[in-house]
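The chain contents come next:
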Amino acid sequence: MKTYRFVSIALLAFMASACQSHYLVDTHVDQVGRISRTVYSTDSTLFFRPAAGWHPLQRTEPFAVDFYDHFDTMRYAAVCNPQAAIPAIVGSTPSQRPVERFVSRFLWFFTRYDYTLSFEAWDDLPVPLADYLTDEQVAIYTGSFQIPDGWNGYDVYCMLDSINSRVNRWFSACCFQIRYEAVMPYADSAQRALLQRYHDNMRDMMIDSDDPMEWTLLRCAEPFPPLGFLASLTAAHSDAIDSVVAARMEHFMSIGQRILYRIEMPGMPEGSTMVDGTRLLAGGTTVHFRSYRHHWWAWAITALLAGAGAYVLARRWRKGF
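Cut-offs and rules
Residues numbered from 1 in each chain as written. Predicted model: local features only at pLDDT ≥ 70, side-chain atom pairs only at ≥ 80, totals over all residues. Heavy atoms only, no water. Pairing = 2+ DSSP bridges. Helix = DSSP H or I, 4+ residues; strand = E, 2+ residues; numbered from the N terminus. Axes fitted to C-alpha atoms, helices over the stretch in contact; angles between N-to-C directions. Contact = heavy atoms within 4.5 Å. Phe/Tyr/Trp six-rings, centres within 6.5 Å; stacked < 30°, edge-to-face > 60°. Buried < 20%, exposed > 50% of the residue type's maximum accessible area, 1.4 Å probe, protein only. Arc of directions from axis to C-beta. Salt bridge = Lys/Arg side-chain N within 4 Å of Asp/Glu carboxyl O. Core = buried A, V, L, I, M, F, W, Y, C linked by side-chain atoms within 4.5 Å.

Caption draft 1: Here's a closer look at the sheet that holds strand β1 (residues 22-29). With mixed pairing, six strands are arranged side by side in an open sheet as β3-β4-β2-β1-β7-β8. Two strands lie at the open edges of the sheet, namely β3 (58-66) and β8 (268-276), each paired on one side alone. Averaged over all neighbouring strand pairs, the angle between strand axes comes to 25 degrees, with direction disregarded. In this structure, β3 lies alongside strand β4 (residues 71-83), joined through six bridges in antiparallel fashion. Paired with V65 across the bridge in β4 is D72.

Caption draft 2: Molecular detail of the environment of L260. Counting through the fold element by element, L260 comes out in strand β7 (residues 258-265). Residues L260 and V39, 221 residues apart in the sequence, show an inter-C-alpha distance of 9.8 Å. The residues contacting L260, other than those within four sequence positions of it, are Y23, L24, V25, V65, D66, F67, Y68, S272, T273 and M274.

Caption draft 3: Layout of the packing of aromatic side chains. Per the counting criterion, the structure on display carries 13 aromatic pairs. Here Y115 and F289 contribute two aromatic rings whose centre-to-centre distance is 6.4 Å and whose plane-to-plane angle is 20 degrees, an arrangement assigned as stacked. Of this pair, Y115 sits in strand β6 (residues 110-119) while F289 is found in strand β9 (residues 285-294), placing the two residues 174 residues apart along the sequence. For the pair Y115 and F289, a shared accessibility class is recorded, and that class is buried. Arranged with centres 5.7 Å apart and planes meeting at 70 degrees, the rings of W170 and F252 form a pair that is edge-to-face. Note that W170 is positioned in helix α3 (residues 153-183) and F252 in helix α8 (residues 238-253), a separation of 82 residues in sequence. Assigned by exposure class, W170 and F252 land together as buried. Grouped by ring-pair contacts, the aromatic residues F106, W108 and W297 constitute a single cluster.

Caption draft 4: Up close: the pairing of β8. As defined by bridge partners, β7 adjoins β8 across seven bridges and the pair is classed as antiparallel. Among the inter-strand pairings, I263 is bridged to a residue of β8, identified as G271. Two successive antiparallel strands, β7 and β8, enclose a turn made up of two residues, where G267 displays a positive phi of approximately 85 degrees.

Caption draft 5: Local environment of helix α5 (residues 199-207). Turning to α5, its buried residues number three or more, namely H199, M202, M206 and I207. Looking down the long axis of α5, one finds its buried residues gathered within 140 degrees of arc, a one-sided arrangement. Taken together, the buried residues of α5 touch α3, α4 (189-197) and α6 (217-221).

Caption draft 6: The arrangement of the pattern of salt bridges in detail. Counted according to the given criterion, the structure contains 12 salt bridges. When the shortest N-O distance is used, the salt bridge between R290 and D114 registers 2.6 Å. Of the two residues, R290 sits in strand β9 while D114 sits in strand β6, which places them 176 residues apart along the sequence. Taking the relative accessible area as the measure of exposure, R290 reaches 39% and is therefore partly exposed. For D200, the salt bridge identified is with R203, shortest N-O distance 3.4 Å. One end of the pair is D200 and the other is R203, both in helix α5 and three residues apart, which spans about a single turn. Three or more residues joined by partner-sharing salt bridges are found here, namely R112, D114 and R290.

Caption draft 7: Layout of the nonpolar core. Counting residues in each nonpolar core, the largest one holds 71 residues, and the members touching the most others are W170, L195, M202, F252 and M265. For M202, the residues in contact, after removing those within four places along its chain, are F176, Y180, L195, L217, C220, A221, F224 and L227.

Caption draft 8: Layout of the sheet that holds β9. Reading across the sheet, the three strands line up as β5-β6-β9 and stay open at both edges, with antiparallel pairing between neighbours. This sheet does not close on itself; its edge strands, each paired only once, are β5 (99-106) and β9. Sheet twist, expressed as the mean angle between neighbouring strand axes with direction ignored, is 10 degrees. Pairing analysis gives 10 bridges linking β6 to β9, with the strands arranged antiparallel. Across the sheet, Y115 pairs through a bridge with F289, a residue of β9.

Shown next as structure tokens:
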């Protein structure tokens, strides 16, 4: 079995991406149901396109946020003023574009607030994760699997080592597929047939490389003389191909991006959930928050009415109705 010199190319890449891509989405609901929102970032970039009502991203007083496994410092903020509906956040990945729903319901003794975040599964991958991992391994990798009772450290090590090796291969295959698909539109029918014929050979070369991020499709094709046309083909369309590869790689690498959604509603000091693309590889998820704001005046009025009713009934009883 091949021994990898790196702990995990995929995990290191995702971690590097995540370290630069931590966001806090802070949502506040006031007592009359108006919703204000602030998006904090570690750097001067935003993951969404601000709509009407949003102020430009600007520096803010730095503060640390716990992203469950380590702290990161927020330095920039984009603010949206209070409004009746949830201020829109429109991103390009499932973790960036949750379907949000907020409902408040008046129930005399209290007002009930319900806030729901629904995330779609991340399924627009260059190569399906299921091509390299079993269902159980996917569950372990995405964090939705509990270690069975009775397992010792060696059992866990062997399981994670196997998954680590498979994830490495999947990550490399994704890097190859992005480059492969970027070239295909510029090839004629004969060239496409040759690229398809040698697809698996070139992919395996990138998988076996030490760093698939540095390998180009041209380098993968070097051992195969029938693919000699690839040099002139990529040179003729280099700008367009590079642009497509850069955009798709950025989208793919944003799987490691972490977004902490934090909500504050009347009756609930704070609730939060963190979402990243890795967790959504196994499927979509929905998070629900509920709080209550009690109406003390309603209790007081009810008590007064009940007391008055009891007093009237008591007087009538004494008089024999």
